[in-house]
Amino acid sequence: DASGSKGAAPAPSKPDGVLLTFRDLTAQRRSEQMRADFVANASHELRTPLASLSGFIETLLGPAKNDAAARERFLGIMGAQARRMSRLIDDLLSLSRIELNVHVRPDTVVDLCGILSHVRDTLGPLAQDRAITITLETDGSAMPVRGDRDELIRLFENLVENALKYGGTGQNVDVRIAREPGTQGDVAAVSVRDYGPGIAPEHLPRLTERFYRVDVAASRDQGGTGLGLAIVKHIVARHRGRLMVESTPGKGATFTVRLDLSDDAAKNSVNTAA
Ligand code: ADP
């Protein structure tokens, strides 16, 4: 059709187009609402520490101007508030980056066992602070998956960190990785288990919502942003995996991530080096 009339031609009467438009509008409205809620929540989360910072600045310029002890204490609190804002911004940026890439499946092969021992080492100091031992149980075999190494580290760091934060001082955190048969080949099931107060059943379905917290004060005390499990959910989705939460209140919580194993790809990339 070289006449250039393509765009002006009357549309063929196909009902599909109309139907799609209706569907899109509903989905679009819902996603606009979610975006608006998200922006409102994020602004509120940032405004809280900011208001506290402004208050301390005023006090330091006024009533506490010549009080060295108060200055020392207030500056300490202000530092903590600034760190909280910076954590929140980091989490917001990670979330938006992962969300943008959620349809792109990562292509490199990484070993989950290496990632989990890295996570255990990184969180060692926090565990030690709380007199918690992180155990890592594997069957000794490699667990290769297609994934983004940094995101998988982030995913398991968030889960283990939550177990350390909410699991209770002096309790163990058990990380276990096991091979399970799946519908299309084997899967790796990684579970992170704590023996803390657990989570009441009514909260379980909402845990991965952005800014959802069971106990807001407890989350703030632990330096939480309320975005950890939302980030976890998106990383799992990008890796075409599954996330499961189980909890018996009073006995602890177990978060399990299942990812397809990629044994063939692992043979290709690992054995060439041997
Ligand atoms: P936060 O930054 O508040 O930790 P998350 O998204 O990581 O945010 O977790 C959301 C909420 O889920 C937490 O505030 C906490 O109430 C609850 N939670 C997460 N992990 C656990 C756990 N292992 N035990 C008990 N509660 C948990």
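Residues numbered from 1 in each chain as written. Predicted model: local features only at pLDDT ≥ 70, side-chain atom pairs only at ≥ 80, totals over all residues. Heavy atoms only, no water.

Caption draft 1: Geometry of the site of the ligand. Near the ligand there are 19 residues, and of these Tyr 166, Asp 194, Ser 219, Gly 226 and Leu 229 occur at the shortest range. Between the ligand and Asn 162 there is a distance of 2.9 Å, counted from an oxygen atom to a side-chain nitrogen or oxygen. In the environment of the ligand, a nitrogen atom lies 2.8 Å from a nitrogen or oxygen atom belonging to the side chain of Asp 194. For the ligand, the protein covers 96% of the area, taking 540 Å² as the surface of the free molecule. A per-element tally of the shell around the ligand places helix α5 (residues 149-166) first, with 3 residues. (Near = heavy atom within 4 Å. Polar contact = N/O pair within 3.5 Å; in protein donor to acceptor, adjacent residues only side chain to side chain. Areas by Shrake-Rupley, 256 points an atom, 1.4 Å probe, with all protein chains shown as cover. Helix = DSSP H or I, 4+ residues; strand = E, 2+ residues; numbered from the N terminus.)

Caption draft 2: Layout of the confidence of the model for the chain. Chain-level statistics for the chain give a pLDDT mean of 88 and a share of 87% at 70 or above. In the model, residues 1-7 has pLDDT below 50 throughout and makes 1 contact with residues more than four positions away in sequence or in other chains. When the criterion is pLDDT under 50, residues 265-274 qualifies, and its contacts beyond four places in sequence or with other chains add up to 7 contacts. Scoring the predicted complex yields pTM 0.84 and, for the interface, ipTM 0.98. (pLDDT = per-residue confidence, 0-100. Contact = heavy atoms within 4.5 Å.)

Caption draft 3: Broad picture of the packing of aromatic side chains. Under the criterion given, the structure shown has 2 aromatic pairs. Ring plane angle 25° and centroid distance 6.0 Å describe the contact between Phe 38 and Phe 211, whose orientation is recorded as stacked. Of the two residues, Phe 38 is situated in helix α1 (residues 16-61) and Phe 211 in the loop between β5 (185-194) and α6 (216-221); the sequence distance between them amounts to 173 residues. Across this residue pair, the class does not change: Phe 38 and Phe 211 are buried. With a centroid separation of 5.0 Å and an interplanar angle of 45°, the aromatic rings of Phe 56 and Phe 74 are classed as tilted. With Phe 56 in helix α1 and Phe 74 in helix α2 (residues 68-100), this residue pair connects regions lying 18 residues apart in the sequence. Judged by relative accessible area, Phe 56 falls into the buried class, the value being 18%. In this structure, Arg 210 packs its charged tip against the face of Phe 38, placed 4.3 Å from the ring centre. (Phe/Tyr/Trp six-rings, centres within 6.5 Å; stacked < 30°, edge-to-face > 60°. Buried < 20%, exposed > 50% of the residue type's maximum accessible area, 1.4 Å probe, protein only. Lys NZ or Arg CZ within 6 Å of the ring centre and 35° of its normal.)

Caption draft 4: Spotlight on the sheet that holds strand β2 (residues 134-137). Strand order across the open sheet formed by 5 strands is β2-β4-β5-β7-β6, with mixed pairing between neighbours. Strands at the two margins of the open sheet, each flanked by one partner only, are β2 and β6 (242-248). Along the sheet, successive strands turn relative to each other by an average axial angle of 20°, direction set aside. Across 10 bridges, strand β4 (residues 173-182) lies against β5 in antiparallel orientation. Counterpart to Glu 180 in the pairing with β5 is Val 187. (Pairing = 2+ DSSP bridges. Axes fitted to C-alpha atoms, helices over the stretch in contact; angles between N-to-C directions.)

Caption draft 5: Representation of the pattern of salt bridges in the model. Summed over all chains, the structure comprises 13 salt bridges. Here Asp 260 and Arg 105 are joined by a salt bridge, their closest N and O atoms 3.9 Å apart. Here Asp 260, found in strand β7 (residues 252-260), pairs with Arg 105, found in the loop between α2 and β1 (109-111); they are 155 residues apart in sequence, far enough to count as distant. Among the residues examined, Arg 105 registers a relative accessible area of 38% and is labelled partly exposed. By sharing partners, the salt bridges in this structure join Glu 45, Arg 213 and Arg 220 into a single network. (Salt bridge = Lys/Arg side-chain N within 4 Å of Asp/Glu carboxyl O.)

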